[in-house]
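Each chain is listed here by its residues.
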Amino acid sequence: MEQLKFKLDNRCSKNQAEQLANVKALEVTESQQENQNEHRTAVIYTDSKITLDSIMSTKNHNHLIEEIRERAVTLNKNNCKIEFKWVKAHARIFGNEIADRLAKEATQNNYVTYRSIPKSAIKKDMQKESIRKWQHQWEEIKKGVITKAFFPSVERRLAVNLNLSPKVATIMTSHGNIPSYLHRLKIIGSPECPCKHGIQTVHHLTFQCNRLKNEREILKTSVLKVGNWPVSKSKLTNRYLKQFIRYINSMDFEKINHSNKQM
Ligand SMILES: [Zn+2]
């Protein structure tokens, strides 16, 4: 019995490995076709339903699938009928067990037979690289101190589906209807919070402002169910984002900054 094992590039998919195995099996069948007048049948057993479905699908024009089809058609023309059969994986089926063992062994091959990396893997690599660059820039720039505190990692920020309502944008960037910001732009005379407990910064609004006591109590209660209070800003967006967004959306900046607010 002839046993062959081939190695694919690490970024190739499992499906590509299954498909390459089919191509190689057909190659061997071709090489064994000595007499074209003699009618033969070759059966290819695979535990990959996806591969079988792909071969049958008229919509799939993947390079390896096309090659399987073409080789099968040529063999058929040369009097060798090809049958594809599915076998259950990990069911102690003799040939399938050998194939599994060979697949494992092939990872140790020195030579890589197949290097056509799927588009999806290339896209992933490019995304990773651009995020890495972005992260580097993010760490280098001096601006966006508050946003950085909430999202130190670009990758994590991208993973979060953040609905940037005006209130959320204000808190996440510290740019908006906040006295410390308006004072910096010389729009108002004092950065103090009307609650009289310090300068009204994002930090103050998040953790200290008396005027948000009740709203903060709700946030605090849900954080304390699983963790500690106070929490860091990055943890607020990482572990308690939903609750934190709810807290931000409950802020009424007009009311907070109204000097006559009834406490
Ligand atoms: Zn305050």
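Thresholds, definitions, all that
- Residues numbered from 1 in each chain as written.
- Predicted model: local features only at pLDDT ≥ 70, side-chain atom pairs only at ≥ 80, totals over all residues.
- Domains from an automatic or database assignment.
- Axes fitted to C-alpha atoms, helices over the stretch in contact; angles between N-to-C directions.
- Helix = DSSP H or I, 4+ residues; strand = E, 2+ residues; numbered from the N terminus.
- Parallel < 35°, antiparallel > 145°, perpendicular 65-115°, else oblique.
- Left-handed = near helix turned anticlockwise from the far one by under 90°.
- Contact = placed C-beta atoms within 7 Å.
- Nonpolar A, V, L, I, M, F, W, Y, C, P; charged D, E, K, R; others polar.
- Core = buried A, V, L, I, M, F, W, Y, C linked by C-beta atoms within 7 Å.
- Buried ≥ 20, exposed ≤ 12 C-beta atoms within 10 Å, placed from the backbone.
- Expected span 1.5 Å × (residues − 1).
- Arc of directions from axis to C-beta.

(A) Local environment of the domain arrangement of the protein chain. Here the protein chain is described as being made up of domain 1 (7–120) and domain 2 (130–256). Taking the mean C-alpha position of each, domain 1 and domain 2 sit 55 Å from one another.

(B) Examining the packing of helix 1 (residues 14–31) against helix 3 (residues 63–77) more closely. Between helix 1 and helix 3, the least distance of the axes is 9 Å, while the angle of their chain directions is 20 degrees. Here helix 1 is positioned roughly parallel relative to helix 3, judged by the angle of their axes. Remark: the crossing between helix 1 and helix 3 carries left-handed chirality. For the pair formed by helix 1 and helix 3, the contact residues are Gln16, Gln19, Leu20, Asn22, Val23, Leu26, Thr29 and Glu30 on the first element and Leu64, Ile65, Glu67, Ile68, Arg71, Ala72 and Leu75 on the second. Across the contact of helix 1 with helix 3, the residue classes break down as 8 nonpolar, 4 polar and 3 charged.

(C) Spatial organisation of the nonpolar core. Residues Ile171, Leu205, Cys209, Leu212, Phe244, Ile248 and Met251 are the most contacted members of the largest nonpolar core, which totals 19 residues. Contributions of two or more residues to this core are made by helix 8 (166–173), helix 10 (202–208), helix 11 (213–224) and helix 13 (241–249). Here this core gets 3 residues from one element, more than from any other, and that element is helix 13. The next biggest cluster of nonpolar side chains, apart from the first, holds 12 residues, and it includes Leu8, Ala25, Leu64 and Ala72.

(D) Region of interest: the environment of methionine 251. Among the secondary structure elements, methionine 251 is positioned in the loop between helix 13 and helix 14 (253–256). On the neighbour-count criterion, methionine 251 (21 C-beta atoms within 10 Å) is buried. The sequence separation of methionine 251 and arginine 40 amounts to 211 residues, and the corresponding C-alpha distance is 78 Å. Not counting residues within four places of it along the chain, the set of residues in contact with methionine 251 comprises Lys167, Leu205, Leu212, Glu215 and Ile256.

(E) Focus on the environment of isoleucine 131. Within the element layout of this structure, isoleucine 131 appears in helix 5 (residues 119–140). Its 16 C-beta neighbours within 10 Å are what place isoleucine 131 among the partly exposed residues. Here the alpha-carbon distance between isoleucine 131 and serine 153, two residues 22 residues apart in the chain, equals 9.5 Å. Not counting the four nearest positions on each side in its chain, isoleucine 131 is found in contact with Val154, Glu155 and Leu158.

(F) Spotlight on unusual backbone geometry. With an omega of 0 degrees, the peptide bond running from tryptophan 229 to proline 230 counts as cis. With respect to the helices and strands, the residue proline 230 is situated in the loop between helix 11 and helix 12 (233–238). Even without being glycine, histidine 90 reaches a positive phi, approximately 50 degrees. Relative to the helices and strands, histidine 90 is located in the loop between strand 3 (80–86) and helix 4 (94–106).

(G) Summary view of helix 3. Helix length check: helix 3 (15 residues) gives 21 Å between terminal C-alpha atoms against 21 Å at 1.5 Å per residue, within 8%. Looking only at helix 3, the buried set comprises Leu64, Ile68 and Ala72. Each buried residue of helix 3 lies within a common arc of 75 degrees when the element is viewed along its axis, so the set occupies one face. Away from the buried face of helix 3 by more than 90 degrees, exposed residues His63, Glu66, Glu70, Val73 and Lys77 are located. Buried-residue contacts for helix 3 involve helix 1, helix 2 (49–56) and strand 3. In the stretch just after helix 3, asparagine 79 is the one whose phi turns positive, near 75 degrees.

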